[in-house]
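Chain and residue survey
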Amino acid sequence: DAIAVHQAGVPNVVASCGTALTSAQARLLAKYASEVVVNYDPDSAGVAATDRSLALLLEEGLTVRVLRLSGGLDPDLFVREKGAKAYQEALDQAQPFFQYLTARAQELHGKATPEAKLASLNFILPYLSRVPNNLIRGELIADIAQKMDVNSGVIREAFQKAAMSQQEAIQQPALGVSRIPSAEAMLIRLLLENEAARQQIPLLLERGDLVEEMECAPIVSALLAMIIVGQDPDLTALADRLTEPQQRLLA
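Attention in this report is confined to the structure presented alongside it. (Residues numbered from 1 in each chain as written. Predicted model: local features only at pLDDT ≥ 70, side-chain atom pairs only at ≥ 80, totals over all residues. Heavy atoms only, no water.)

Let us now look at the overall build of the protein chain. Along the protein chain, the regular secondary structure elements total 14 helices and three strands. Of the contacts made within the protein chain by residues no fewer than 6 positions apart, 61% connect residues no fewer than 24 positions apart. Carbon and sulfur atoms form 52% of the exposed surface of the protein chain, whose accessible area is close to 14,200 Å². (Helix = DSSP H or I, 4+ residues; strand = E, 2+ residues; numbered from the N terminus. Contact = heavy atoms within 4.5 Å. Areas by Shrake-Rupley, 256 points an atom, 1.4 Å probe, with all protein chains shown as cover.)

And the structure:
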C-alpha cells in the first residue's frame, strides 16, 4: 500500500507495519510533520486500527485527517484501478478527524434519541479528551454538539464539562424526574402533531382505561383534556397545565 501511494506521487508516506500504531511511532511522526492523513484498509480491522491510531496522534498535537477510499478498496488496489490522479483527489478531500469521528459515531449509534446521542458523544469523548490544547478542544466541542444536533442544555453542558476536564465518558444527565418510556413519548408526539391520531386515539385510551397505567399519566391526561374541548394541543398551553417536574419531563 505504501509503495503504491509513493508511486502515485505522494512521497511522504509511511506504513505502520502492523495492525496498531504505537506511541513511539506517533512521537517519531510528530518530529517530521504537523499534519497526518491516516489511510488504513476499509475492512473492519482497518477501521478499528484507524480509531486506535488517531488517539495517539492527537496526543502528540498533530492535525489529523482521515482518508476513506470509495469502493471498499485498499490504497494499493485504489491506485491500480482508479489511477494516481484519483488518489491525489481523494487525499485532498480527506476528512478532518473529528468530522470523520462524528460520522462514525452516528453510523454506530445514530442520533434519533437522547440515548443514541449520549452513546455517540461517549464514543467521541475519549478522543476529544486527548486533544492537549484547551482552546482547540473548546472549539471542537461546539462543532461536534452542532453536528450531533445536541440542543439539550443538560446533555451539552455535561459533554462540555467532561471534555474540558478530560473525562472518558459522561453519564445519563440527572433531570430530577423519571424518563418517559419510549412508547408513551411516541404517543405524546402523535397527539401533539397528528390530526388523525387526535381523532382516534383518545377514544381508544378512554375505552381501555389505559391512561392511569402510564408513567406520564398527568401529561397525557392534560393533553387529552385539551383535545376533548377542541383546544389546539399547543406545547406552551399544555405546559401551563403541568407541575414544574412534569414540565421538565415534557421538555
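With that settled, consider the sheet that holds strand β1 (residues 35–38). If you trace the three strands from one edge of the open sheet to the other, you get β1-β2-β3, paired in mixed fashion. The open sheet has two free edges, formed respectively by β1 and β3 (95–96), since each of these has just one partner strand. (Pairing = 2+ DSSP bridges.)

Formed by 35 residues in total, the largest nonpolar core has its most connected members in Leu57, Phe97 and Phe98. For this core, the secondary-structure elements that each account for two or more residues are β1, α3 (44–59), β2 (63–66), α6 (97–109), α7 (114–128), α8 (134–147) and α9 (153–164). For this core, the leading source of residues is α7, giving seven residues. In this structure, Ala197, Ile219, Leu223 and Leu224 belong to the second largest nonpolar core, which totals 25 residues. (Core = buried A, V, L, I, M, F, W, Y, C linked by side-chain atoms within 4.5 Å. Buried < 20%, exposed > 50% of the residue type's maximum accessible area, 1.4 Å probe, protein only.)

Inspection of every chain in the model, using the stated rule, returns five salt bridges. Note that Glu107 is salt-bridged to Arg68, the shortest N-O span being 3.3 Å. In this pair, Glu107 sits in helix α6 while Arg68 sits in the loop between β2 and α4 (75–82), placing the two residues 39 residues apart along the sequence. Two residues, Asp143 and Lys147, come together in a salt bridge whose shortest N-O distance is 2.9 Å. Pair noted here: Asp143 and Lys147 are both in helix α8, with a separation of four residues, about one helical turn. The exposure class assigned to Asp143 is partly exposed, which follows from its relative accessible area of 34%. Take Lys147: its relative accessible area is 32%, and that puts it in the partly exposed class. (Salt bridge = Lys/Arg side-chain N within 4 Å of Asp/Glu carboxyl O.)

With that settled, consider the pairing of β2. The sheet contact formed by β1 and β2 spans four bridges and is parallel. From the neighbouring strand, Val37 faces β2, where its bridge partner is Arg65. As judged from the two bridges shared by β2 and β3, these two strands associate in the antiparallel manner. Counted as the bridge partner of Val66 is Gln95 from β3.

Another point: the packing of α6 against α7. Put simply, α6 and α7 touch, their axes get as near as 9 Å, and they point 145 degrees apart. Relative to α7, α6 is oriented so that their crossing is right-handed. Residues Phe97, Phe98, Leu101, Thr102, Arg104, Ala105, Gln106, Leu108 and His109 of α6 form the contact with α7, whose participating residues are Ala116, Ala119, Ser120, Phe123, Ile124, Tyr127 and Leu128. (Axes fitted to C-alpha atoms, helices over the stretch in contact; angles between N-to-C directions. Left-handed = near helix turned anticlockwise from the far one by under 90°.)

Along its twelve residues, helix α10 (residues 182–193) runs 16 Å from first to last C-alpha, staying within 8% of the 16 Å computed at 1.5 Å per residue. All of the buried residues along α10 are Glu184, Ala185, Leu187, Ile188, Leu191 and Leu192. The arc enclosing the buried residues of α10, seen along the axis, measures out at 160 degrees, which places them on a common side. Seen from the buried face of α10, the exposed residues on the opposite side, beyond 90 degrees, are Ser182, Ala183, Met186 and Glu193. (Expected span 1.5 Å × (residues − 1). Arc of directions from axis to C-beta.)

With that settled, consider the packing of aromatic side chains. All told, the structure shown has five aromatic pairs when counted by the stated rule. Ring geometry for Phe97 versus Tyr127: centroids 5.8 Å apart, planes at 70 degrees, classification edge-to-face. In this pair, Phe97 sits in helix α6 while Tyr127 sits in helix α7, placing the two residues 30 residues apart along the sequence. Take Phe97 and Tyr127: they sit in the same class, and that class is buried. (Phe/Tyr/Trp six-rings, centres within 6.5 Å; stacked < 30°, edge-to-face > 60°.)

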